[in-house]
Amino acid sequence: MPEYLGMDEFRLGEPALVCRWRLANRKLPMENRHLRALAGRTVNGKRVDQGLVAWVGQHIEWSLESGAAAYPDGVLMLIIDTDGQAAMTVGPFEPLRETSLSCLVERSRQAHKEAEVTGVSPETLWIVRDNVLVWDDEPATVMSGSASLIEGLARTMGLALRREGDLCDGIAGGMRDFDEAFLVSDEYGVVPAIDYSGEMARRFAGGYERLLLKDRKR
């Protein structure tokens, strides 16, 4: 069973938001990015309370080291119910089994629907088109922690970036005017499409893995 972190004496109601963040050696590599994205999410039509964001940060600092002992490289899950109550738990990490373009597109489409309610897509599909990185997200949407990492890496590499909110719909409809595709996920990291992988996708996947390795060596 998962280890619980900071569980108060109450029963959680219907989940309104579930965040799944990858761990490395009982640490949260992109903690600041994830907390910023959490602060940009909405629950029941309202922005997540700053007090809750602070609570999450405190429990990561105080309890994650011991709470993730069973799954040091697992997944930290934050659950917020419709009443605004929250709990955190750590479970095992399991790699994504299906990595075809069609499967990654569907994951991004489902995350896009989540963003229509919460304001943040936890998973986004990215493509390489004429040396431009394009990802499936509305311009007004707050970037997830993992997406902000990839955007920052891309900018340091001097790459042009663009958001297209209907990207996945176009691909699902048969559009293939790109060279590479990969999923960027708060839980799975960078996952190249097995049938549309390439040098750029592998570079970003390698950069993400080096980030995890840095914490595993600490």
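Described in the following lines is the structure provided in the data block. (Residues numbered from 1 in each chain as written. Predicted model: local features only at pLDDT ≥ 70, side-chain atom pairs only at ≥ 80, totals over all residues. Heavy atoms only, no water.)

### What to know about the packing of helix H4 (residues 145–156) against helix H6 (residues 199–216)
The interhelical angle for the contact between H4 and H6, taken along N-to-C directions, is 115°, at an axis separation of 11 Å. Between H4 and H6 lies a crossing whose hand is right-handed. Residues Leu149, Ile150, Leu153 and Ala154 of H4 form the contact with H6, whose participating residues are Phe204, Tyr208 and Leu211. Here the residues of the contact of H4 with H6 are counted per class, giving seven nonpolar, no polar and no charged. (Axes fitted to C-alpha atoms, helices over the stretch in contact; angles between N-to-C directions. Helix = DSSP H or I, 4+ residues; strand = E, 2+ residues; numbered from the N terminus. Left-handed = near helix turned anticlockwise from the far one by under 90°. Contact = heavy atoms within 4.5 Å. Nonpolar A, V, L, I, M, F, W, Y, C, P; charged D, E, K, R; others polar.)

### A word on the nonpolar core
Residues Trp21, Leu38, Val56, Leu64, Leu76, Leu78 and Ile80 are the most contacted members of the largest nonpolar core, which totals 23 residues. Going through the elements one at a time, strand S2 (15–22), helix H1 (31–39), helix H2 (50–67), strand S5 (75–81) and strand S6 (86–91) are the ones with two or more residues in this core. When residues in this core are grouped by element, the largest group, six residues, is from H2. By size, the runner-up hydrophobic cluster in this structure holds 21 residues, among which are Met30, Val128, Phe182 and Val184. (Core = buried A, V, L, I, M, F, W, Y, C linked by side-chain atoms within 4.5 Å. Buried < 20%, exposed > 50% of the residue type's maximum accessible area, 1.4 Å probe, protein only.)

### Looking at the packing of aromatic side chains
The relative placement of two aromatic rings is captured by the distance of their centres and the angle of their planes. Taken as a whole and assessed by the stated rule, the structure comprises five aromatic pairs. The interplanar angle of 45° and the centroid separation of 5.1 Å between the aromatic rings of Phe178 and Tyr196 together place this pair among those described as tilted. Here Phe178, found in the loop between helix H5 (167–172) and strand S10 (180–185), pairs with Tyr196, found in the loop between strand S11 (189–192) and H6; they are 18 residues apart in sequence, far enough to count as distant. In this structure, Arg22 is placed above the aromatic ring of Phe93, and the distance from its NZ or CZ to the ring centre is 3.6 Å. (Phe/Tyr/Trp six-rings, centres within 6.5 Å; stacked < 30°, edge-to-face > 60°. Lys NZ or Arg CZ within 6 Å of the ring centre and 35° of its normal.)

### A short note on H2
The principal kink in H2, of about 45°, is found at Glu61. By the burial criterion, the buried members of H2 are Leu52, Val53, Trp55, Val56, Gly57, His59, Ile60, Ser63, Leu64 and Gly67. (Bend = angle between axes of the 7 residues up to and from the residue.)

### What about the packing of H1 against H2?
Look at H1 against H2: their axes get within 9 Å of each other, and the N-to-C directions meet at 160°. Here H1 is positioned roughly antiparallel relative to H2, judged by the angle of their axes. Handedness of the H1/H2 crossing: right-handed. From H1, Glu31, Leu35, Leu38 and Ala39 reach across to H2, where they touch Gln50, Val53, Val56, Gly57 and Ile60. (Parallel < 35°, antiparallel > 145°, perpendicular 65-115°, else oblique.)

### Considerations on the environment of Asp81
On the secondary structure map, Asp81 appears in strand S5. In sequence terms Asp81 and Val43 are 38 residues apart; their C-alpha atoms lie 8.5 Å from each other. Apart from residues lying up to four places away in sequence, Asp81 is in contact with Leu12, Gly13, Glu14, Pro15, Ala16 and Val43.

Geometric descriptors of this kind do not, in isolation, establish any biological role.
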